[in-house]
Amino acid sequence: MAITRSIRNKLFVLLMLMGAIPLIVISVFSAITLAGELEDNAEKSGVLKNSIVSQFITDLCEKNFQVLRSLAINPTIIEYLQTPQVKNFSKVKNLLYDTNTIFHDGNLTALTGKDAEQLIRTDNKPLVNIKDRKHFLEAMHGKIYISDVIVSRSTGEQIVVLEVPVKDRLNYVIGMVQRNLNLSVLQELLTQYDTNENSIIVIDRNGKTIAHSDTEYFRFVNESESDGRYKYIVEKIKDFSGILRLKVDGKDALVSYSINWKTDWIILTVQQYDQILDHVYIRIFQTILIGAIILIMILSASHFLSVKATRPIEKITNATDKIVSGKSDIDKIDLETDDEFGQIAAAFNKIRSARDAYQMEAELDTLTKLYNKTTTENIGKIKLKTFSDTKDNDTIMAFYIIDLDHFKEANDTYGHQFGDKVLLEFSRNLRKKFRPNDCIGRFGGDEFVVIIDNLPDIDIIKRKARDINRVARELEIDGTPAKITASVGIAIIPNDGTDYETVFKAADEALYYVKANGRDGFYFKGAEGID
């Protein structure tokens, strides 16, 4: 059929979109977030590498300081600094040489007097005066100090100096011991971590390069006293560790940094953004390829599901057409399924079975526009039969008969127009208290019937009865209280029966009980008096 084919095509498109749109969204979202994920990975990798390098620097400095501290408290060195004598020179020199052999790193150990003149050097280079060096001044103030990168006056190489003051018994500084580090061992460590994707750089407090994982670059800066190209990075650092996004060597980069607590040197792990984007492009291509395969699978599945889903619709549509045409030879719809289509087919079969017996008149009450008596009865019978035919039914139904108290007096006192307004207003307010699928009808005069199904318990039935009483009590016509009440008789299904006549009789008897006991309330069998 044309309708079924149209639904099938629409369903196919819908299923395809339901699969394709999330796939496209996920692909786009993945592409957008991938750069962020790679940044996070770069950050974690940078933090790890920085931590390894920082710990190495700390261990290296601590090892040197331990040796220098032991020299600084050696009595032979203290005595020599206080009274330099030629006979003690060899002892002190041998002590420095012996201590220096611990390291096997080619770096020198030196002894300097408080006048800034070097007294002994283990590298046999010329002795120099270091009075204008910051590390000397810091040591003279009693501080253990690590210098920034400086150029050695004896060798011309870039070095850092570790300085430990030597003090006399009165705690006055009388000289100092130092080690000059060329940091080749640190350079070797960084070279091990050098990759095409990132570089590791160690700079001092002034942004001068101490070591660089790129050996070619380090060789260049080692020959240049003016290197300070990373000073701008130092100016941007606010915390002991973190992430910066800036240009490094002219390229946009992600920089993980951390400050070594022992030296105040800054360790940088630099990853250029073009490297990150290369990974993004590769991942996007992979996502598109996988997405295309999945999309083909979605199209096939959508076609299969749309065909399968619309077959029951064809059967239901054909049977419905026969009902509309008034045909009586309507076969039972047989669907071997427990889903919603199966439920629709079951409901249709119930309607088909009851159609001849319960032809509902589609007529409304002319005044209130509620169901008239005939329609209400037919709806009630259908609801009751549906209730009876439903297996494992754990719900209940309620059948209300409502009679307006004092309506005749109001009608006689204020006229029929007033009475009509009372009926109209009561009907309008009554409809607001119930669900759209509940049956609300007028039986004639001031008598109404309400039938509601699929209720979980009696408490709801009581609450709805109180709502009916309240609607009547609070009724006003053009601002004037109508001064009427409502008596409500209720039958509970299945407690009071399941066929229409029995249920109606039970509700009518309950209404009589309310009328006989003061009106303006409700009652059903099992209730304690009237409400």
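Residues numbered from 1 in each chain as written. Predicted model: local features only at pLDDT ≥ 70, side-chain atom pairs only at ≥ 80, totals over all residues. Heavy atoms only, no water.

Undergrad: Just to check I follow, could you spell out helix 14 (residues 500-516) for this structure?
TA: The first and last C-alpha atoms of helix 14 sit 24 Å apart over 17 residues, in line with the 24 Å expected at 1.5 Å per residue. Of the residues making up helix 14, those classed as buried are Tyr500, Val503, Ala506, Ala507, Ala510, Leu511 and Val514. All buried residues of helix 14 fall inside an arc of 140° around its axis, so they share one side. Exposed side of helix 14, more than 90 degrees from the buried face: Glu501, Lys505, Tyr512 and Ala516 are the residues found there. Buried residues along helix 14 sit against helix 10 (373-389), strand 12 (396-405), strand 13 (439-444), strand 14 (447-455), strand 17 (485-493) and strand 18 (521-524). Of the residues one or two after helix 14, Gly518 is the one with positive phi, at around 100°. (Helix = DSSP H or I, 4+ residues; strand = E, 2+ residues; numbered from the N terminus. Expected span 1.5 Å × (residues − 1). Buried < 20%, exposed > 50% of the residue type's maximum accessible area, 1.4 Å probe, protein only. Arc of directions from axis to C-beta. Contact = heavy atoms within 4.5 Å.)

Undergrad: How should I be thinking about the packing of aromatic side chains in this particular structure?
TA: One pair of aromatic rings is described through two measures. These are the centre distance and the angle between the planes. For the structure shown, the criterion picks out nine aromatic pairs. Between Tyr414 and Phe418, the aromatic rings sit 4.6 Å apart at their centres with planes inclined by 40°, giving tilted as the arrangement. On the accessibility criterion, Phe418 (12% relative accessible area) is buried. Measuring from ring centre to ring centre gives 5.2 Å for Phe426 and Phe448, while their planes differ by 55°; the resulting arrangement is tilted. Within this pair, whereas Phe426 is found in helix 12 (residues 416-432), its partner Phe448 is found in strand 14, the two being separated by 22 residues in sequence. Across the pair, exposure class does not vary: Phe426 and Phe448 are buried alike. One Lys or Arg, Lys381, reaches over the ring of Tyr500 and ends 5.7 Å from the middle of that ring. Note that Lys464 overlies the ring of Phe434, its terminal NZ or CZ placed 5.3 Å from the centroid. (Phe/Tyr/Trp six-rings, centres within 6.5 Å; stacked < 30°, edge-to-face > 60°. Lys NZ or Arg CZ within 6 Å of the ring centre and 35° of its normal.)

Undergrad: Can you help me understand the sheet that holds strand 13 in this one?
TA: Two strands in a sheet stick together by hydrogen bonds in their backbones, pointing the same way (parallel) or opposite ways (antiparallel). Pairing is mixed in the open sheet, where five strands are placed in the order 13-14-12-17-18. Taken across any chain shown, the strands that pair with only one partner, and hence form the sheet edges, are strand 13 and strand 18. The mean angle between the axes of side-by-side strands here comes to 20°, regardless of whether they run parallel or antiparallel. Both strand 17 and strand 18 contribute to a ladder of four bridges, which runs parallel. Residue pairing for strand 18: Gly489 is matched across the bridge by Tyr523. (Pairing = 2+ DSSP bridges. Axes fitted to C-alpha atoms, helices over the stretch in contact; angles between N-to-C directions.)

Undergrad: Hey, could you run me through the pattern of salt bridges in this one?
TA: Any two side chains of opposite charge can pair, given that their charged atoms come close. Taken as a whole and assessed by the stated rule, the structure comprises 18 salt bridges. We note a salt bridge from Asp403 to Lys515, for which the minimum N-O separation is 2.4 Å. You can see Asp403 sitting in strand 12 and its partner Lys515 sitting in helix 14, a full 112 residues away along the chain. A relative accessible area of 14% places Asp403 in the buried class. Close ionic contact of Asp520 with Arg473 constitutes a salt bridge, the shortest N to O distance being 3.0 Å. Of this pair, Asp520 sits in the loop between helix 14 and strand 18 while Arg473 sits in helix 13 (residues 458-473); the two residues are 47 residues apart in sequence, bridging distant segments of the chain. We classify Asp520 as partly exposed; its relative accessible area is 24%. (Salt bridge = Lys/Arg side-chain N within 4 Å of Asp/Glu carboxyl O.)

Undergrad: What exactly am I supposed to notice about a nonpolar patch on the surface here?
TA: Residues Val13, Leu17 and Ile21 make up a contiguous nonpolar surface patch of about 230 Å² in total accessible area. Looking at where Ile21 falls in the secondary structure, it is placed in helix 1 (residues 2-72). For Ile21, a relative accessible area of 45% translates into the label partly exposed. (Patch = residues over 30% accessible without salt bridge, like charges linked within 9 Å, V, L, I, M, F, W, Y side chains within 5 Å. Areas by Shrake-Rupley, 256 points an atom, 1.4 Å probe, with all protein chains shown as cover.)

Undergrad: Help me out: how do you make sense of the pairing of strand 14 in this one?
TA: On a regular strand, each side chain points to the face opposite its neighbour's, so the side chains alternate between the two faces of the sheet. Extensive coverage of strand 14 is indicated by the burial of seven of its nine residues. Relative to strand 14, strand 12 is paired through seven bridges, and the arrangement is antiparallel. In the strand pairing of strand 14, Phe399 is matched with Ile451. Bridge count between strand 13 and strand 14: five bridges; the pairing is antiparallel. Bridging across to strand 14, Arg442 finds its partner in Phe448. Linking strand 13 back to strand 14 in an antiparallel pair, the connection comprises two residues, with Gly445 at a positive phi of about 60°.

Don't take any of this as a statement about function, it's just geometry.
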